[in-house]
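Examination of the molecular architecture
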Amino acid sequence: MSELTDLTPAERHRTLASRFLEIADGVDDWDAPTPVKEWTNRDVVAHLTWLPGMLAGMGVELDVPQHDDPVEQLRAQTEVVQERLDGPDGEQMVETGMMGQLSFSQVIDRFYNFDLFAHAWDLAKGSGQEIEVDEDYSAGAHAGMSAMGPALHASGQFGSPQPVADDAPASDRLLALIGRDRDWRADSR
């Protein structure tokens, strides 16, 4: 996997979405548990289709064709998002509320690309697939999320922090921060 930190937001989305969809294509059991408490593999994929709703709240409409299958819905969403990122809409300014105005590409990078990154790990673990986690991207995400302090977990969007050694790799510290057990296995649940 390329160094995610060296990519533009559009390139990062393309890389992360492609990797996520590749993992989704390798899932055999959609009802298997994942490291996200009470979520199956199907739930992880379906969760990622939240993006159009958030963007609509910011005044940005994504015309994503509707599919019953969560993977096909995510695939359609990915195509629409990537097309916007690669075109002039990538620089369209969006009023985000608390974070002020950001370009569309910054909104995708700050709010959505991390979800693709983190949930690829969840889906890989839930489906018994191997995944390499980018340490540089993990270090940056860990620093940014740690700076949020207690507000990070008060949001209800992340599990309870897990114990991890201070000298653990950045990916282990990031996973622990967002409530994941690096050693999670479906049979250990």
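Residues numbered from 1 in each chain as written. Predicted model: local features only at pLDDT ≥ 70, side-chain atom pairs only at ≥ 80, totals over all residues. Heavy atoms only, no water.

Focus on the packing of aromatic side chains
Describing an aromatic ring pair means giving the distance of the ring centres and the angle of the ring planes. Defined as follows: Ring geometry is summarised as follows: Phe, Tyr and Trp rings, the Trp one being its six-membered ring, pair when their centres sit within 6.5 Å, and such pairs are stacked at plane angles under 30 degrees, edge-to-face over 60 and tilted between the two. Counting from the N terminus, the helices are the DSSP runs of H or I reaching at least four residues and the strands are the DSSP runs of E reaching at least two. Accessible area is worked out with a 1.4 Å probe on protein chains only. A residue is then buried under 20% of its type maximum, exposed over 50%, and partly exposed in between. Each ring is checked for a lysine NZ or an arginine CZ that lies within 6 Å of its centre and within 35 degrees of its normal; such an atom marks a charge sitting over the ring.
Under the defined criterion, the tally for this structure stands at three aromatic pairs. Both rings, one in Trp 50 and one in Tyr 112, keep their centres 5.6 Å apart while their planes meet at 75 degrees; by these two values the pair is edge-to-face. Of this pair, Trp 50 sits in the loop between α2 (41-47) and α3 (51-57) while Tyr 112 sits in helix α5 (residues 104-126), placing them 62 residues apart in sequence. Residue class for Trp 50 comes out partly exposed when judged on its relative accessible area of 22%. Cluster of aromatic residues (ring-pair linked, three or more members): Phe 114, Phe 117 and Tyr 137. One Lys or Arg, Arg 84, reaches over the ring of Phe 104 and ends 5.4 Å from the middle of that ring.

A closer look at the layout of surface pockets
Using a probe with the size of a water molecule, rolled over the atoms, empty space left in the structure can be pinpointed. We apply this condition: Site definitions follow a grid-based scheme: protein atoms alone, a 1 Å grid, a 1.4 Å probe that fits but cannot get out for cavities, and for pockets an open set with protein on both sides within 12 Å along at least five of seven lines, plus lining residues having an atom within 4 Å of a point. Grid points are joined across faces, edges and corners, and a volume is the space filled by probe spheres set on the points. Throughout this entry, Asp, Glu, Lys and Arg are counted as charged residues, while Ala, Val, Leu, Ile, Met, Phe, Trp, Tyr, Cys and Pro are counted as nonpolar. The remaining residues, Gly among them, count as polar.
The computed volume of the second largest pocket comes to approximately 170 Å³. Residues that form the lining of the second largest pocket fall into these classes: four nonpolar, two polar and four charged.

Digging into the confidence of the model for the chain
Any segment with low pLDDT has predicted coordinates that should not be analysed in fine detail. Just so we agree on the cut-off: The pLDDT score gives, residue by residue, the confidence of the prediction method on a 0 to 100 scale.
Overall, the prediction assigns the chain a mean pLDDT of 92, with 95% of residues at 70 or greater. Here helix α7 (residues 151-154) stands out as the least confident element of the chain, with mean pLDDT 67; helix α1 (residues 9-25) is the most confident, with 98.

What about the environment of Val 80?
Here Val 80 shows up in helix α4 (residues 70-86). Spatially, the C-alpha atom of Val 80 lies 23 Å from that of Gly 26, the residues being 54 residues apart in sequence.

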